[in-house]
Amino acid sequence: MTGFARSRPGGWLPVAATLSALVVFPLVVDDGSWLNTAVLVLLYAGLAQAWNILGGFAGQISLGNAAFFGIGAYTSTVLLDRWNVSPWLGMPIGAVIAAGFAVAVFFPFFRLGGHYFAIATIALAEILLILFTNWAFVRGARGMTIPFVRGPDRRPTDSWAFLQFNESRVPYYYVVLGLAVLAVAIAIAVERSKLGYYLRAIKNDQQAARSLGVPVLRYKLIAVAISAAVSAVFGTFYAQYLLFIDPETTMRLELSVLIALVAILGGVGTVVGPLLGALVLIPLSEVTRSQLAGSGNTLDLVLYGGLIMLIAVFQPNGLVAVGDRVRRRRRAVRPAGDGAERGDAPLVGAPGAGD
Amino acid sequence: MPALLELHAVSKRFGGLDANRDVSMVVEEHQIVGLIGPNGAGKTTLFNCVSGFFPPTSGTIRFAGREIAGWAPERVLRAGLARTFQVVRTFPEMTVLDNVMIGAFARTNRANEARARATDLLAFTGLAGRARVRGADLTIADKKRLELTRALATQPRLLMLDEVMAGLNPAERAQAVALIRAIRDRGTTVLLVEHVMEVLMPISDHVVVLDSGRKIAEGPPQTVVRDPNVIAAYLGEKYRPRDEGSA
Ligand SMILES: Nc1ncnc2c1ncn2[C@@H]1O[C@H](COP(=O)(O)OP(=O)(O)OP(=O)(O)O)[C@@H](O)[C@H]1O
Ligand SMILES: [Mg+2]
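Residues numbered from 1 in each chain as written. Chains lettered and ligands numbered in written order. Predicted model: local features only at pLDDT ≥ 70, side-chain atom pairs only at ≥ 80, totals over all residues. Heavy atoms only, no water.

Side note on the overall build of chain A
Item 1. When you go through chain A residue by residue, the secondary structure sums to 14 helices and 2 strands.
Item 2. Looking at chain A as a whole, 50% of its 355 residues qualify as buried.
Item 3. Accessible surface, chain A: about 16,200 Å² in total, of which carbon and sulfur atoms supply 67%. (Helix = DSSP H or I, 4+ residues; strand = E, 2+ residues; numbered from the N terminus. Buried < 20%, exposed > 50% of the residue type's maximum accessible area, 1.4 Å probe, protein only. Areas by Shrake-Rupley, 256 points an atom, 1.4 Å probe, with all protein chains shown as cover.)

Right under this line is the structure:
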């Protein structure tokens, strides 16, 4: 696997550099629209990281992750709206609900093979969207407005306790940066642990995995639970960021597709991939959105479809693989490379042995 | 003391086909037991029944004193019974080391411990030099060796090998035979499927012969090779066109 998760000596240096740049960014770039794009990049980086745990490591392609995002957004918003519960508390509650929901729903889904699994996940998010659109308790299609926190002068005011900032976007930026770092940390922990190894074995060959004692279903469920929980956390953030949610903004299909696409474009199954993918794709989609304003979401989907085809044809392993290829070429130029790793054994053994 | 593995009247039907029919056999601890039979005799099917890949249609399978027929593969593995596949199932996109670590994780939750155990085993099976090669990039011979190492990493009491020597050249076969002996000497019981008799005879303590799903003979190798039923079964085989290793 590629990525700084398998840290080489000195591998933490680019990490530290990137992190410092991200911390300094809002101090240098004092522009609302750029800051907004940066917030979205980090949001999608986190969501794609969550997607990657199931879709990348375990190879179970979900096109319904917006469902978990939506559950996170709605849980904290309902708790806040009805019972004045802080989103900081609503966030973990939403994560737990999303994880439980994911386990219950994906239990039967995991019996479906290949494309049927992906289709089922699309249906899941769509059904949830329709349910929420018609559910009076969450105000249906009208959506929910996050109530303002007001100061003594009755004017909306910033509040860390209630994760609400009306003066500037900068605090939101730092919050989502923290959450993205958390998502990356979780992904790295997963990748290095028994869980990560088992998920990759499942992706490679489920029967072989079972023969080695891997309880395949249980590990897929753990993966989807983590994926759902992390997605839901970002859902809460998003609700607080927009201060308004409705079923469309939190659960629509384009959202699910974009999340998957970010990870796939960057490179599935790696920790760096989703970050790269978000960095490239989100600004791009912001530009097209503003350029093509008024023509609706359909053109976004055309763009995404086109990108998926390009990736499939030219770079199935994503942007991460481009970096790897460059690195390999550079290494190959050096006279004594790692050639000892391959080709030093005679090609023995009849091809196709076995039945 | 009861045998490590005891099969009693195991049958497996696929539609109208009796892939296994009333097969009874025992595998004593610390032995190398050979299971032979011509093409389509039902050897792999028997492996699949024992290792939990599908339940037998009828019959009982006792392993280490427990009835395991119908258990899921992962549960059978945890009970101490590991198998390899006739058609190799290396994890193609994982390194050799990672492949073996998956096996080692059956007995530990810690990555460092799994890595250390896998590294030791790769040295034991002679794959240490290829630890960082991807599974997909191995030769057939190395893939088979990797599967064996991976299964061994689960610390089985009984290791079932399905044609690990098919498709190997004589030198590699000799290495494989030495390795299997070494595995037994470390205390692991081995059940070995081969369909070429010559390979199996010298290392087996006990041989079971299947033909058309039934057990037709068993005993020490020297006796079994002289058994008229066995000779007939294999003579029949001689006249069937068969491409070595690619059946
Ligand atoms: N999953 C299955 N479904 C239907 N028939 C099967 C299945 N598996 C095996 N068979 C049939 O059962 C019979 C026994 O097959 P099996 O693979 O067990 O033989 P084998 O002794 O391992 O042969 P070989 O030496 O070719 O590996 C064959 O006729 C085969 O076609
Ligand atoms: Mg077979």
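Text resumes after the structure shown.
As for the pairing of strand 10 (residues 214–219) of chain B
Residues and elements named next belong to chain B.
Item 1. Pairing of strand 9 (residues 206–211) with strand 10 involves 5 bridges; the strand directions are antiparallel. Note that in strand 10 the partner of Val207 across the bridge is Gly219.
Item 2. Linking strand 9 to strand 10, which pair antiparallel, is a turn of 2 residues; within it Ser212 sits at a positive phi near 50°. (Pairing = 2+ DSSP bridges.)

Some points on the packing of aromatic side chains
The way to describe two aromatic rings as a pair is by their centre distance and the angle between their planes.
Item 1. If you walk through the whole model with that rule in mind, you get 21 aromatic pairs over all chains.
Item 2. Taken together, a centroid distance of 5.6 Å and an interplanar angle of 85° make the contact between Phe14 of chain B and Phe54 of chain B edge-to-face. Of the two residues, Phe14 of chain B is situated in strand 1 (residues 5–14) and Phe54 of chain B in the loop between helix 1 (43–50) and strand 4 (58–63); the sequence distance between them amounts to 40 residues.
Item 3. On the basis of relative accessibility, which here comes to 39%, the residue Phe14 of chain B falls in the partly exposed class.
Item 4. A network of ring pairs unites the aromatic residues Phe68, Phe106, Phe109, Phe110 and Phe117 of chain A as a single cluster.
Item 5. Of note, Arg83 of chain B hangs over the ring of Phe53 of chain B, and the distance from its end group to the ring centre comes to 5.0 Å. (Phe/Tyr/Trp six-rings, centres within 6.5 Å; stacked < 30°, edge-to-face > 60°. Lys NZ or Arg CZ within 6 Å of the ring centre and 35° of its normal.)

Considering the coordination of the magnesium ion (ligand 2)
Residue and element names in this part refer to chain B.
Item 1. Around the magnesium ion (ligand 2), the protein contributes the donor atoms Thr44 (OG1) and Gln86 (OE1), at 1.9 to 2.1 Å from the metal centre. With Thr44 in helix 1 and Gln86 in the loop between strand 6 (81–83) and helix 3 (96–104), this residue pair connects regions lying 42 residues apart in the sequence.
Item 2. The buried category is assigned to Gln86, whose relative accessible area is 8%. (Donors = N, O, S within 2.8 Å, 3.2 Å for Na, K, Ca; no water.)

Details of the pattern of salt bridges
Residue and element names in this part refer to chain B.
Item 1. Throughout the structure, instances matching the rule amount to 17 salt bridges over all chains.
Item 2. Note that Glu218 and Lys215 form a salt bridge whose closest N and O atoms lie 2.6 Å from each other.
Item 3. A relative accessible area of 35% means that Glu218 is categorised as partly exposed.
Item 4. Beyond isolated ion pairs, a larger network of salt bridges with shared partners links Arg13, Asp18 and Arg21. (Salt bridge = Lys/Arg side-chain N within 4 Å of Asp/Glu carboxyl O.)

Some remarks on the environment of Phe132 of chain A
All names here are of chain A.
Item 1. Checked against the element boundaries, Phe132 lands in helix 5 (residues 114–133).
Item 2. For Phe132, a relative accessible area of 10% corresponds to the buried category.
Item 3. Sequence separation of Phe132 and Gly70 is 62 residues, and the distance between their C-alpha atoms is 9.6 Å.
Item 4. If we ignore the near neighbours within four places in the chain, the residues touching Phe132 are Tyr74, Val138, Gly140, Pro247 and Met251. (Contact = heavy atoms within 4.5 Å.)

Side note on the sheet that holds strand 1 of chain B
Residues and elements named next belong to chain B.
Item 1. Read from one edge of the open sheet, 4 strands run 2-1-4-5, paired in antiparallel fashion. For this open sheet the edge positions go to strand 2 (17–27) and strand 5 (66–67), each flanked by a neighbour on one side alone.
Item 2. The pairing of strand 4 with strand 5 spans 2 bridges and is antiparallel. Residue pairing in the sheet places Phe63 in a bridge with Arg66 of strand 5.
Item 3. Sheet strands in contact with helix 1 are strand 1, strand 2 and strand 4, and its direction is about 115° off that of strand 1. (Axes fitted to C-alpha atoms, helices over the stretch in contact; angles between N-to-C directions.)

Some remarks on the sheet that holds strand 7 (residues 158–162) of chain B
All names here are of chain B.
Item 1. Ordered by their spatial adjacency, 6 strands build an open sheet running 6-7-8-3-9-10, and the pairing between neighbours is mixed. Looking at which strands have only one partner, the edges of the open sheet turn out to be strand 6 and strand 10. Averaged over all neighbouring strand pairs, the angle between strand axes comes to 15°, with direction disregarded.
Item 2. In the sheet, strand 3 (residues 32–36) pairs with strand 8 (residues 189–193) via 4 bridges, with the strands oriented parallel.

Quick notes on the site of ligand 1
Item 1. Lining the immediate surroundings of ligand 1 are 14 residues, of which Asn39, Lys43, Thr44, Thr45 and Gln86 of chain B lie closest.
Item 2. Ligand 1 sits at the junction of chains A and B, each of which supplies nearby residues.
Item 3. One of the backbone nitrogen or oxygen atoms of Gly40 of chain B is found 2.9 Å away from an oxygen atom of ligand 1.
Item 4. Gln86 of chain B places a polar side-chain atom, nitrogen or oxygen, 2.8 Å from an oxygen atom of ligand 1.
Item 5. Protein chains shield 67% of the accessible area of ligand 1, which is 630 Å² for the free molecule.
Item 6. Broken down by element, the residue count for the shell around ligand 1 peaks at 3 residues, all from helix 1 of chain B.
Item 7. Residue classes in the shell around ligand 1 are distributed as 4 nonpolar, 6 polar and 4 charged. (Near = heavy atom within 4 Å. Polar contact = N/O pair within 3.5 Å; in protein donor to acceptor, adjacent residues only side chain to side chain. Nonpolar A, V, L, I, M, F, W, Y, C, P; charged D, E, K, R; others polar.)

Some thoughts on helix 1 (residues 12–28) of chain A
An α-helical turn contains 3.6 residues, so a residue and the one three or four places further along point in the same direction.
Item 1. With 17 residues, helix 1 of chain A should reach 24 Å at 1.5 Å per residue; the first-to-last C-alpha distance of 24 Å fits that figure.
Item 2. Its maximal kink placed at Leu22 of chain A, helix 1 of chain A deviates by approximately 25°, while the proline Pro26 of chain A follows within four residues. (Expected span 1.5 Å × (residues − 1). Bend = angle between axes of the 7 residues up to and from the residue.)

Quick look at unusual backbone geometry
A negative phi holds for most residues other than glycine; trans holds for most peptide bonds.
Item 1. The phi angle at Leu243 of chain A is positive, at roughly 60°, despite the residue not being glycine.
Item 2. Structurally, Leu243 of chain A can be placed in the loop between helix 9 (216–242) and strand 2 (244–245).
Item 3. Backbone geometry at His30 of chain B places phi at a positive 70°, although glycine is not the residue there.
Item 4. According to the relative accessible area criterion, His30 of chain B is partly exposed, its value standing at 46%.

Here we look at the side chain of Lys194 of chain A
Item 1. Turning to its location among the elements, Lys194 of chain A is positioned in helix 7 (residues 194–204).
Item 2. There is no salt bridge for the buried Lys194 of chain A, and the closest opposite charge comes from Glu113 of chain B, which lies 10 Å off by N-O distance. (Lys, Arg positive; Asp, Glu negative; His and termini not counted.)

Quick notes on the nonpolar core
Item 1. The biggest cluster of nonpolar side chains holds 158 residues, and the ones touching the most others in it are Leu43, Phe106 and Leu199 of chain A together with Met165 and Leu192 of chain B.
Item 2. For Phe106 of chain A, the contacting residues outside a window of four places in its chain are Leu54, Ser62, Phe68, Phe117, Thr121, Leu124, Leu221 and Val224 of chain A.
Item 3. Judged by nonpolar contacts, the second largest core, of 27 residues, contains Ile68, Val76, Leu158 and Leu210 of chain B. (Core = buried A, V, L, I, M, F, W, Y, C linked by side-chain atoms within 4.5 Å.)

A short note on helix 4 (residues 111–125) of chain B
Item 1. Between the first and last C-alpha of helix 4 of chain B there are 21 Å, a value that for 15 residues agrees with the 21 Å anticipated at 1.5 Å per step.
Item 2. Where helix 4 of chain B is concerned, the buried positions are Ala111, Ala114, Ala118, Leu121, Leu122 and Thr125 of chain B. The buried residues of helix 4 of chain B occupy an angular sector of 105° when the element is viewed end-on, so they sit on one face. Exposed residues on helix 4 of chain B whose side chains face more than 90 degrees from its buried face are Asn112, Asp120 and Ala123 of chain B.
Item 3. Next to the buried residues of helix 4 of chain B lie helix 6 (170–192) of chain A together with helix 3, helix 5 (140–152) and helix 6 (170–185) of chain B. (Arc of directions from axis to C-beta.)

Brief notes about the side chain of Asp205 of chain A
Item 1. Note on placement: Asp205 of chain A falls in the loop between helix 7 and helix 8 (206–211).
Item 2. On the basis of relative accessible area, Asp205 of chain A is assigned to the buried category, the value being 12%.
Item 3. Polar side-chain contacts of Asp205 of chain A include one of 2.9 Å to the side chain of Arg89 of chain B.
Item 4. Excluding anything up to four places from it in sequence, Asp205 of chain A contacts Arg89 and Phe91 of chain B.

Shape descriptors only; they carry no functional weight alone.
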